[in-house]
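Residue strings, one per chain:
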Amino acid sequence: MNQKLAELIADVLDMPVAEVTPRMVREGHPKWDSLNHLRLVTAIEEEFGVALSMDEIEAVETVGQLDEMIAEHCTPA
Amino acid sequence: MTDDLRLCLEASKDATALKSALAGTDVLTLVTRDAERIVRRLEVLEGAPDLRVLYLGNHTLDMFARMVSAASLCRGVHVDGRVGPFDQHMQMLLDPSLGLADYDPHAIFLSLELERVLPQLPAGLAGLGAAAREGLVEQALAAVASWIETARGVTGATLLVGNFWRPCRQHLGIADAKLGHGEAQLYASLNARLFDAYAADPQVFVVDVDHALATAGRRAAHGPRMKLLAKIAWAEPALPQLADLMSRYFASMVLPPKKCLVLDLDNTLWGGVLGEEGPEGIRIAEGDPVGEAFRAFQSAIKAVQRRGLLLAICSKNNLEDVEEAFRLHTDMPLGWSDFAARQVNWEPKHANLQDIAAQLNIGTDSLVFVDDNPAECELIRQLMPEVRTVHLPKDPSSYADLLLDLPELERVALSEEDLRKTEQYHEQAEREAVRVAAGDMRAYLESLETRLTFWPATRAEMTRVHQLFAKTNQFNVTTKRYRPADIERFMASPDWQLEVVAARDRFGDLGIIGAFLVERRTDAVAVDSVVLSCRAMGRGVETAIANRIKAIAAGWQPQGRLLAEVRPTRKNKPVLEYFDSQGFALLEATAEGTKRYGLKIAQAQSLDCPGIIVEAGAQSLESEAS
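Rules of the game
- Residues numbered from 1 in each chain as written.
- Chains lettered and ligands numbered in written order.
- Predicted model: local features only at pLDDT ≥ 70, side-chain atom pairs only at ≥ 80, totals over all residues.
- Helix = DSSP H or I, 4+ residues; strand = E, 2+ residues; numbered from the N terminus.
- Rg over C-alpha atoms; globule rule 2.2 N^0.38 Å.
- Contact = placed C-beta atoms within 7 Å.
- Buried ≥ 20, exposed ≤ 12 C-beta atoms within 10 Å, placed from the backbone.
- Nonpolar A, V, L, I, M, F, W, Y, C, P; charged D, E, K, R; others polar.
- Pairing = 2+ DSSP bridges.
- Axes fitted to C-alpha atoms, helices over the stretch in contact; angles between N-to-C directions.
- Right-handed = clockwise from strand over helix to strand, strands pointing away.
- Parallel < 35°, antiparallel > 145°, perpendicular 65-115°, else oblique.
- Core = buried A, V, L, I, M, F, W, Y, C linked by C-beta atoms within 7 Å.

Peer 1: I'm lost on the overall build of chain A in this one. Help?
Peer 2: The number of helices and strands found in chain A is 4 helices and 0 strands. Relative to the globule expectation of 11 Å for 77 residues, the C-alpha radius of gyration of chain A, 11 Å, shows essentially globular dimensions. Principal-axis analysis of the C-alpha atoms places the extent of chain A at approximately 35 × 25 × 20 Å. Of the contacts made within chain A by residues no fewer than 6 positions apart, 58% connect residues no fewer than 24 positions apart.

In structure tokens:
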């Protein structure tokens, strides 16, 4: 997965970067609550120069999905 | 800044160290991620917060609250913030299980988004008449008022209420302006009435959120996506500006206030060097852009003076040249008499700052020093770190803004005394001149013809009383910093007597210069606080206050004892022997240095205070005693 993304998640969720894996799940995660999710989205949009839709933001369930979403947005169609 | 910040966060071992590491950080440059790091670090460090603040509202305030804590820390105030449940600002006051009493906040911030208070608003005001529009204003004001009145009943916390902010877009577009009672006017009228309603209220402060959002830029401040997803009304780009505003309140509530603005002259108050250009050559005229920049700066200084700060000059110049410059340029916003102290000589500036502080009877830590010369600024920073040094940049165009932006010059409210402060210091200087001429102390005191009036404090004196408790450092026996809500409680209670004392003499009116607070207990009367402005020290008012306290005690408990205590601080040396000199006996001295005193009321004597005439106050002694 994108290393920059892993570092961003570690920073925003205040956790070691080694623990950030594509299979990390949002639901039930002690630090990935709804406000931190939005802070994460803002940080990602700033860092990668992308804009996620409301549906996309709400649909994110895992780090892996977020990684794919960013890749999609960054690849010119 | 992020790497530096990380290092400084890790190096700070406690909250106090973190405060000093962050001191001087420009809060407007804080980004949310930095604020988050600062607050996280603060949460794990040792150190009691200066203030506990509860945030309530009908929109999400979490990120805002953390930004306020980060900004406040940069200004030297440790704020512990807690955000109440969304849209439950009333429940928070009324339902004890939500923990208001346990948290016991010093301040509560309330922010309401108007569209949630008035759901009919987004449909536009086109169909409504002026009366219906007025009804909406009333409805919104009532929502705020009922919260405030409920809060007053359950907490003594300072209530900070955000005003209503105008959204980016108007529902009727440019036609709104032709409606006569449109949306723009609705917000203007609502906010004007909100300010009016609480201007004189000592517990409530209406915070100009609308202005901060406009300054930040409304387009950046409101994004629809975050509002829809999480009811976040204030987007991240606006948070530093809002936090800047909030931290000004918290810093004014907690930090000792600055009392005097010390100014250089050449290239500070005017353009050019007086010694070279001569009094005619300095740039201060209208029509000259550089001259106008200095005029704007002088006007800003004048405004700061009206906030209750004193002005002083500290300049390396020939005194005659400077006097000539002020005589020649009488149309300058500042005149010679605006300065309560003037040090114009060739001595080093740190010595002059010491002299200014001594002349005005204030500490050097209450000085703000403004100079364009980097070497002078560096000298003061190194030798007098307690002084707030402001180095002016080369271009004078921004001087006025720079001054008005300084958080150290903020006051949460102004009293009558603030408005007259400079005049009072000039009168003080005349008194000193007489003192030198009189030689004999007793003759001097008698020549002053000081007239004192005591009366029980009422709401009319609230701002001044609060200020005396908050600002008096030297003549303050217990240094208890009471909040407006505490003061109201004392005024209302039959078991407490809170009195103010005003003075005037042959040189002028000194206004309210002191206050004391005594408590009626079952078998004794206890002196809780005595505060006296440094302007009025050393002329017998101290003894007149003690006499007044003895008289009240005799009325309340003729057979009981009068108790008092002195708690030493770094600054209250003038009160350490106060009760000894008033005939009290020392009962005990604790390990922390607190001294407790007692005096049998039946044996208490009124002591002689030469030259002082006590005039009848609003309430006479006899009627109270009976």
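Peer 1: I'm lost on the overall build of chain B in this one. Help?
Peer 2: Helix and strand counts for chain B stand at 26 helices and 19 strands. Rg of the C-alpha trace for chain B: 27 Å, near the compact-globule value of 25 Å for 626 residues, within the 12% margin. Referenced to the eigenvectors of the C-alpha coordinate spread, the extents of chain B come out at roughly 75 × 70 × 55 Å. The proportion of buried residues among the 626 residues of chain B is 41%. Summarising the internal contacts of chain B: among those between residues at least 6 apart in sequence, 73% fall at separations of at least 24.

Peer 1: Hey, could you run me through the interface of chain B and chain A in this one?
Peer 2: One frequently used descriptor of interface size is the decrease in accessible area upon assembly of the parts. Taken together, the contact between chain B and chain A spans 10 residues of the former and 10 residues of the latter. Looking at the side of chain B that touches chain A, the elements that each hand over two or more residues are α3 (32-44) and α12 (224-230) of chain B. By residue number, the principal contributor to the side of chain B that touches chain A is α12(B), which donates 5 residues. Counted by class, the side of chain B that touches chain A contains 4 nonpolar, 1 polar and 5 charged residues.

Peer 1: I'm lost on the sheet that holds strand β4 (residues 158-162) of chain B in this one. Help?
Peer 2: Two orientations exist for strands paired in a sheet by backbone hydrogen bonds: parallel and antiparallel. Residues and elements named next belong to chain B. Pairing in this open sheet of 5 strands is parallel, and the strands run β2-β1-β3-β4-β5 from one edge to the other. Two strands close off the open sheet at either side, each with one partner strand: β2 (79-83) and β5 (204-207). Averaged over all pairs of adjacent strands, the angle between their axes in this sheet comes to 20°, without regard to strand direction. Alignment of β4 against β5, held across 4 bridges, turns out to be parallel. Bridging from a neighbouring strand, valine 161 pairs with valine 206 of β5. Contacting β1 (51-57) and β2, helix α4 (residues 62-74) runs over the sheet at an angle of about 175° to β2.

Peer 1: What is the right way to look at the pairing of strand β10 (residues 388-391) of chain B in this model?
Peer 2: All names here are of chain B. Bridge analysis of strand β9 (residues 367-371) against β10 gives 4 bridges, and the strand direction is parallel. When the bridges of β10 are listed, valine 370 appears paired with valine 390. A crossover connection joins β9 to the parallel β10 through helix α18 (residues 374-383); in handedness this β-α-β unit is right-handed.

Peer 1: I would appreciate a short explanation of the packing of α3(B) against α4(B) in the present structure.
Peer 2: Between two packed helices, both the angle of their axes relative to each other and the distance between the axes serve to describe the pair. All names here are of chain B. Running from N to C, α3 and α4 cross one another at 75°; their axes reach a closest spacing of 8 Å. One finds that α3 runs roughly perpendicular with respect to α4. For the pair formed by α3 and α4, the contact residues are Thr32, Ala35, Glu36, Ile38, Val39 and Leu42 on the first element and Met63, Arg66, Met67, Ser69, Ala70 and Leu73 on the second. Each residue belonging to the contact of α3 with α4 can be placed in one class, and the counts come to 8 nonpolar, 2 polar and 2 charged.

Peer 1: Explain the nonpolar core to me, please; I cannot follow it from the model alone.
Peer 2: Looking at soluble globular proteins, one finds that nonpolar side chains tend to be buried together. All names here are of chain B. Counting residues in each nonpolar core, the largest one holds 84 residues, and the members touching the most others are Phe64, Met67, Ile108, Trp234 and Leu242. In terms of residues, this core owes the most to one element, α4, which gives 9 residues. Aside from chain neighbours lying at most four places away, what touches methionine 67 is Leu30, Thr32, Ala35, Leu239, Pro240 and Ala243. Judged by nonpolar contacts, the second largest core, of 51 residues, contains Phe490, Ala503, Ala553 and Phe584.

Peer 1: Can you walk me through the sheet that holds strand β7 (residues 310-315) of chain B in this structure?
Peer 2: All names here are of chain B. What the 5 strands build is an open sheet, ordered β8-β7-β6-β9-β10; its pairing is parallel. The open sheet has two edge strands with one neighbour each: β8 (339-344) and β10. This sheet shows a mean twist of 20° between the axes of neighbouring strands, independent of strand direction. Strand direction decides the pairing type here: strand β6 (residues 260-263) and β7, joined by 4 bridges, are parallel. Counterpart to valine 262 in the pairing with β7 is alanine 312. Along the sheet, helix α17 (residues 349-360) makes contact with β6, β7, β8 and β9, crossing β8 at roughly 150°.

Peer 1: Would you mind showing me how to read unusual backbone geometry here?
Peer 2: Residue and element names in this part refer to chain B. At aspartate 87, a position not held by glycine, the phi torsion is positive, near 55°. Here aspartate 87 shows up in the loop between β2 and α5 (89-94). We note that asparagine 361 has phi near 60°; this positive angle belongs to a residue other than glycine. Turning to its location among the elements, asparagine 361 is positioned in the loop between α17 and β9. Residue asparagine 361 is classed as partly exposed on the basis of its 15 C-beta neighbours within 10 Å.

Peer 1: So what exactly am I meant to see when it comes to the environment of A:Ile44 here?
Peer 2: Here A:Ile44 shows up in helix α2 (residues 34-48). For the pair A:Ile44 and A:Val20, spaced 24 residues apart in sequence, the C-alpha separation works out to 15 Å.

Peer 1: Mind showing me how you'd approach the pairing of β7(B) here?
Peer 2: A regular strand places its side chains on the two faces of the sheet in alternate fashion. All names here are of chain B. The element β7 is largely enclosed, with a buried count of 6 among its 6 residues. Side chains Leu310, Ala312 and Cys314 of β7 all project onto a buried face; the interleaved residues Leu311, Ile313 and Ser315 project onto the opposite face, where all are buried too. Bridging between β7 and β8 involves 5 bridges; their strand directions are parallel. Its bridge partner lying in β8, isoleucine 313 is registered against arginine 342. A crossover connection joins β7 to the parallel β8 through helix α16 (residues 319-328); in handedness this β-α-β unit is right-handed.

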